[in-house]
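In case you want the letters, here they are:
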Amino acid sequence: MQKFGVLVISHGSRSEDWVRLVDEAVAGVRLPEGVPIVSSFLELIEGRLIDDGIRMLEEDGVTDIIVVPLFISSGSTHIDEISYALGVIPEPSLPTDMVPFERKARVHFTGPIDDDPDIAQILFEKVRELSVEPSREIVMLVGHGSIEKGFHKRWRDGLERLAARVQELGGFAGWETSMLLPNQVPLKMKLLGKRMPDHQVIVVPLFLSEGYFTRQVIPSRMEGYEYRYNGRAMLPHPLVSRWMEGRIQPVLQDNGVSIMR
């Protein structure tokens, strides 16, 4: 008999607050009765790694695992290596230490955040307190990024589409994006200063949770430039749970599972 379960995979952190926020978002996911959900991590969280999550679900009788990668971009190299280790793709695009996981259940792999409209709404809500006169403001979305060929383009495309969504929600005069890897901040800020010198820049961090990148890296990269910034990341926000539901429900529906609770 077919039984579905959900495995949410996120990066992992030594910060207890980071893990707690992810767990709370996963706990807020609404699922049909009898569909278990497990939060797992790529690294650092002993006893809660991906293979631990697979084992927990299979011990619960799950035959089909819906995998939700709670990552920002399809340009993340982690998406590639996880897909390989789960048997979704035959070979990774880049060298990896990950090896295929032992599993019996079938895997239904969904997608990361990219330019999801729910996430755009979250970002707008987190920064709208910084807006004074939208017609004279530019939103700059800042994400981790990647220097790897192919992965960089996926990061860029997702950032640009998401920034355009945030601009539309707030009625801002324009949008821009910047990656930390490679460091695009100086070039992008100089270009904005030349192109729209009379406009204020509102910096929007594209990170799940506040921490090292939002509190230290982004401010250090922005040093010397005029901008507005509050460092507020996506979590906590109920729409993160709704985003996960949006990834899970189509798989259940396609397999004849009612999503009514």
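An account of the accompanying structure is given in this report. What you see is a predicted model; the values in this text were computed from it and never measured.

Counting residues in hydrophobic clusters, the biggest one holds 48 residues, and the most contacted among them are Leu-123, Met-234 and Met-244. Looking at this core, the elements that each hand over two or more residues are strand S1 (4-10), helix H1 (16-27), strand S3 (64-69), helix H4 (117-127), strand S5 (137-143), helix H5 (151-170), strand S7 (200-205) and helix H8 (238-254). Residue contributions to this core peak at seven residues, all from H8. For Leu-123, the residues in contact, after removing those within four places along its chain, are Leu-141, Leu-162, Val-166, Val-204, Pro-205, Leu-206 and Met-234. With 18 residues, the next largest nonpolar core counts Leu-7, Ile-82, Met-98 and Ala-105 among its residues.

This part covers the packing of H4 against H8. In contact at an axis separation of 9 Å, H4 and H8 are set at 175° when each is read in the N-to-C sense. Here H4 is positioned roughly antiparallel relative to H8, judged by the angle of their axes. Of the residues in H8, those in contact with Asp-118, Ile-119, Gln-121 and Ile-122 of H4 are Leu-239, Val-240, Arg-242 and Trp-243.

What follows deals with the pattern of salt bridges. Side chains that carry opposite charge are capable of pairing whenever their charged atoms lie near each other. In total, this model carries 18 salt bridges according to the counting rule given. A salt bridge links Asp-115 to Arg-165; the nearest nitrogen and oxygen atoms lie 3.6 Å apart. Separated by 50 residues along the polypeptide, Asp-115 in the loop between strand S4 (106-109) and H4 and Arg-165 in helix H5 bring together distant segments of the chain. Here Asp-115 falls in the buried class, since its relative accessible area comes to 18%. Through salt bridges with shared partners, a single ionic network connects Asp-17, Arg-20 and Glu-24.

Of the voids in this model, the largest pocket is the one considered here, and its volume is about 770 Å³. Every element with two or more residues in the lining of the largest pocket is listed here: H1, helix H3 (77-85) and helix H7 (212-221). Looking at the lining of the largest pocket, the element that brings in the most residues is H7, giving four residues. Residue composition of the lining of the largest pocket, grouped by class: 13 nonpolar, 14 polar and three charged. Of the volumes computed, that of the second largest pocket is approximately 150 Å³. If you trace the second largest pocket, you find it lined by Met-189, Leu-192, Gly-193, Met-196, Pro-197, His-199, Gln-200, Val-201, Tyr-225 and Glu-226. Of all the elements in the fold, those that place two or more residues in the lining of the second largest pocket are helix H6 (185-195) and S7. It is H6 that provides the largest number of residues to the lining of the second largest pocket, a total of three residues.

Let us look at the side chain of Ser-40. Along the chain, the position of Ser-40 falls in strand S2 (residues 37-41). With a relative accessible area of 1%, Ser-40 lands in the buried category. Among residues more than four places away in sequence, those in contact with Ser-40 are Leu-7, Val-8, Ile-9, Ser-10, Arg-48, Leu-49 and Ile-50.

Right, let's talk about the side chain of Glu-176 for a bit. Its place among the elements puts Glu-176 in strand S6 (residues 174-179). There is a polar contact of 3.4 Å between the side chain of Glu-176 and the side chain of Lys-188. Contacts of Glu-176, omitting those with residues within four sequence positions, involve Ile-138, Val-139, Met-140, Leu-141, Ala-163, Lys-188, Leu-192 and Arg-195.

Within S1, seven of the seven residues are buried, leaving the element largely enclosed by the surrounding structure. Here S1 shows no split at all, with Phe-4, Val-6, Val-8 and Ser-10 on one side and Gly-5, Leu-7 and Ile-9 on the other all buried. In terms of strand pairing, S1 meets S3 through six bridges, oriented parallel. For Gly-5, the partnering residue across the bridge sits in S3 and is Ile-65. Direction of pairing for S1 relative to S2: parallel, over a ladder of five bridges.

About the thresholds
- Residue indices begin from 1 for each chain and proceed along its sequence in written order.
- Given that the model is predicted, a residue must reach a pLDDT of at least 70 before its local features are reported, and side-chain atom pairs must reach 80 or more before they are shown or counted; all residues, however, enter totals for whole chains, interfaces and linings.
- Values reported for side chains reflect all heavy atoms of the structure, with hydrogen atoms and water molecules removed beforehand.
- In these notes, a set of buried Ala, Val, Leu, Ile, Met, Phe, Trp, Tyr and Cys residues joined through side-chain atoms within 4.5 Å is what counts as a nonpolar core.
- Only protein chains enter the area calculation, which uses a 1.4 Å probe; residues under 20% of their type maximum are buried, those over 50% are exposed, and those in between are partly exposed.
- Put simply, DSSP marks the helices as runs of H or I at least four residues long and the strands as runs of E at least two long, and each gets a number from the N terminus on.
- In this analysis, two residues are considered to be in contact whenever any of their non-hydrogen atoms come within 4.5 Å of each other.
- To obtain each axis, a line is fitted to C-alpha atoms, and for helices this fit is confined to the stretch in contact; angles are then taken between N-to-C directions over 0 to 180 degrees.
- Working rule for angles: under 35 degrees goes down as roughly parallel, over 145 as roughly antiparallel, 65 to 115 as roughly perpendicular, anything else as oblique.
- Note on definitions: salt bridges are taken to be side-chain nitrogens of Lys or Arg within 4 Å of carboxyl oxygens of Asp or Glu.
- The distinction between a cavity and a pocket rests on a 1 Å grid over the protein atoms alone: a 1.4 Å probe fits inside a cavity but cannot get out, while a pocket stays open yet meets protein on both sides within 12 Å along at least five of seven lines, and a residue with an atom within 4 Å of a point counts as lining.
- Grid points are joined across faces, edges and corners, and a volume is the space filled by probe spheres set on the points.
- Residues are grouped as follows: Ala, Val, Leu, Ile, Met, Phe, Trp, Tyr, Cys and Pro are nonpolar; Asp, Glu, Lys and Arg are charged; all remaining types, including Gly, are polar.
- Two N or O atoms count as a polar contact when they lie within 3.5 Å, although within protein this holds only if one can serve as hydrogen donor and the other as acceptor, and sequence-adjacent residues are included solely when both atoms are side-chain atoms.
- Strands qualify as paired when DSSP identifies two bridges or more between them.

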